[in-house]
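Coordinates in review
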Amino acid sequence: ATPPASATNHRFHSYGWSRALNYVAKAYMIGDQIDSSDSGVEAVLSDVLLQYEAMKWAEEFNRLDPPKKIDFIRAYALQFVDREGQPMFAVERFIDGRDSYGRGFLKHNTNSGFVDEEQRRKTPQVFSAHSFYASNGTRLVADVQGVG
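Notes on the structure in this doc start here. (Residues numbered from 1 in each chain as written. Predicted model: local features only at pLDDT ≥ 70, side-chain atom pairs only at ≥ 80, totals over all residues. Heavy atoms only, no water.)

Digging into unusual backbone geometry
In the Ramachandran plot, Asn 136 falls in the positive-phi region, its phi being about 55 degrees despite a non-glycine side chain. Using a relative accessible area of 70% as the deciding quantity, one classes Asn 136 as exposed. Positioned with a positive phi, Asp 143 is a non-glycine residue whose angle comes to about 65 degrees. With respect to the element layout, Asp 143 can be found in the loop between helix 3 (123-134) and strand 7 (145-147). (Buried < 20%, exposed > 50% of the residue type's maximum accessible area, 1.4 Å probe, protein only. Helix = DSSP H or I, 4+ residues; strand = E, 2+ residues; numbered from the N terminus.)

A look at the sheet that holds strand 1 (residues 23-26)
Pairing between sheet strands relies on hydrogen bonds along the backbone, with the strands arranged either parallel or antiparallel. Spatial ordering of the open sheet is given by 1-5-4, a layout of three strands whose pairing is antiparallel. Two strands lie at the open edges of the sheet, namely strand 1 and strand 4 (75-79), each paired on one side alone. Across the sheet, the mean angle from the axis of one strand to that of its neighbour is 30 degrees, orientation sign disregarded. Relative to strand 5 (residues 88-93), strand 4 runs antiparallel, the two being bridged by five bridges. Within the sheet, the bridge partner assigned to Tyr 76 lies in strand 5 and is Val 91. (Pairing = 2+ DSSP bridges. Axes fitted to C-alpha atoms, helices over the stretch in contact; angles between N-to-C directions.)

In structure tokens:
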């Protein structure tokens, strides 16, 4: 069969899955079921909004010209309106990265208090502190993850 004429479909059919972008979809669960309640939907939307707020703090931090820049991947809310309960998912690009030493994706700190004691990278900790001080103590961007 001939693929549709649109550029996106044409590129996909020309290259196949070898160049397809991978995404991760996350949902809140109650037991083994997706939480489709109003509070489950609100939690997903809140997660996406927090990701955009973190991006705002990263832009402000990067304007200070640190040696290493901070970047956040975009998050999206995706609702499956034809599925039972119309479940809502937070979606973001899947990143499978390695640094120059072959190390994979790392958590530099978390919102439950973990801080990478080995301090492989100082920038994530400085960025978290910046978000706290620049917001006059009203925000702290944590759960910073990245390569290396």
